[in-house]
Amino acid sequence: MTIFELLQTLDLPVVYGRHTKRITPPYLMVMGAGQDHFDADTTYYVTQDRYTIEYYYTEKDPDLEGRIEALLLSNGHRYEKSEDLYLDDQEVFIIYYDI
């Protein structure tokens, strides 16, 4: 299951990269953020894709944040979480999850 498919199980709108339609928060946006490699002797033994998940919302919902985080952890995705940031131009809050 891809990270995109996994996040769709939360019953939130999920988009990959830029979107052209106006989406009412809360919603998630996923973007690829490169790869990590474990290598030795010029051979890649493990390649791990990295992603940034952007959680957009207008009202704080700790339960939903907890569901996002539990879903990531229960599927083997460790993450770094940003602080709550307010985007003036869009009048929404955003939290970044780097996995």
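Further up the page is the structure itself.
Here the structure is a predicted model, which is why all the values come from computation and not from measurement.

Caption draft 1: Up close: the overall build of the protein chain. Counting secondary structure elements, the protein chain contains two helices and six strands. Listing the helices and strands of the protein chain from first to last along the sequence gives α-β-β-β-α-β-β-β. Principal-axis analysis of the C-alpha atoms gives the protein chain an extent of 50 × 25 × 25 Å. Looking at the protein chain as a whole, 32% of its 99 residues are labelled buried. Restricting the contact set of the protein chain to residue pairs at least 6 apart, pairs at least 24 apart contribute 44%. When the accessible surface of the protein chain is totalled, it reaches about 6800 Å², and 48% of it is carbon and sulfur. Here the protein chain carries 8 positive and 19 negative side-chain charges, and the mean point of each set is 4 Å from the other.

Caption draft 2: Region of the structure containing the nonpolar core. Grouped together as the largest cluster of nonpolar side chains are 18 residues, with contacts concentrated most on Ile-3, Leu-7, Leu-28, Ile-53, Tyr-55, Ile-68 and Leu-72. Tallying contributions element by element places helix α2 (residues 62-74) first for this core, with four residues. Apart from residues no more than four positions distant in its own chain, Leu-72 is found in contact with Ile-3, Leu-7, Ile-53, His-77, Tyr-79, Tyr-97 and Ile-99. Core analysis: the second largest hydrophobic core is formed by seven residues, Val-15, Met-29, Tyr-56 and Val-92 among them.

Caption draft 3: The layout of surface pockets, seen in detail. Roughly 180 Å³ of internal volume is contained in the largest pocket. Together, Ile-3, Asp-36, Gln-48, Asp-49, Arg-50, Tyr-51, Gly-76, His-77, Arg-78 and Ile-99 line the largest pocket. Broken down by element, the lining of the largest pocket gets its largest block of residues, four residues, from strand β3 (residues 43-57). Residues belonging to the lining of the largest pocket are distributed by class as follows: three nonpolar, three polar and four charged.

Caption draft 4: The pattern of salt bridges, seen in detail. What the rule picks out here adds up to four salt bridges. Here Lys-81 ties to Glu-65 by a salt bridge, and the two come within 2.7 Å at their closest N and O atoms. Note that Lys-81 is positioned in strand β4 (residues 80-81) and Glu-65 in helix α2, a separation of 16 residues in sequence. According to the relative accessible area criterion, Lys-81 is partly exposed, its value standing at 37%. Overall, Glu-65 belongs to the buried group, its relative accessible area being 5%. In this structure, Lys-81 engages Glu-69 in a salt bridge whose closest nitrogen and oxygen atoms are separated by 2.7 Å. Note that Lys-81 is positioned in strand β4 and Glu-69 in helix α2, a separation of 12 residues in sequence.

Caption draft 5: The packing of aromatic side chains, seen in detail. Within the structure shown, the criterion is met by five aromatic pairs. Ring geometry for Tyr-57 and Phe-93: centres 5.4 Å apart, planes at 15 degrees, overall stacked. In this pair, Tyr-57 sits in strand β3 while Phe-93 sits in strand β6 (residues 92-98), placing the two residues 36 residues apart along the sequence. Since its relative accessible area comes to 2%, Tyr-57 is described here as buried. Put simply, the rings of Tyr-55, Tyr-57, Tyr-86 and Phe-93 pair up and form one aromatic cluster.

What counts, and where the lines are drawn
- Residues numbered from 1 in each chain as written.
- Predicted model: local features only at pLDDT ≥ 70, side-chain atom pairs only at ≥ 80, totals over all residues.
- Heavy atoms only, no water.
- Helix = DSSP H or I, 4+ residues; strand = E, 2+ residues; numbered from the N terminus.
- Buried < 20%, exposed > 50% of the residue type's maximum accessible area, 1.4 Å probe, protein only.
- Contact = heavy atoms within 4.5 Å.
- Areas by Shrake-Rupley, 256 points an atom, 1.4 Å probe, with all protein chains shown as cover.
- Lys, Arg positive; Asp, Glu negative; His and termini not counted.
- Charge placed at Lys NZ, Arg CZ, Asp CG, Glu CD.
- Core = buried A, V, L, I, M, F, W, Y, C linked by side-chain atoms within 4.5 Å.
- 1 Å grid on protein atoms, 1.4 Å probe; cavity = no way out; pocket = protein on both sides within 12 Å on 5 of 7 lines; lining within 4 Å.
- Points joined across faces, edges and corners; volume = space filled by probe spheres on them.
- Nonpolar A, V, L, I, M, F, W, Y, C, P; charged D, E, K, R; others polar.
- Salt bridge = Lys/Arg side-chain N within 4 Å of Asp/Glu carboxyl O.
- Phe/Tyr/Trp six-rings, centres within 6.5 Å; stacked < 30°, edge-to-face > 60°.

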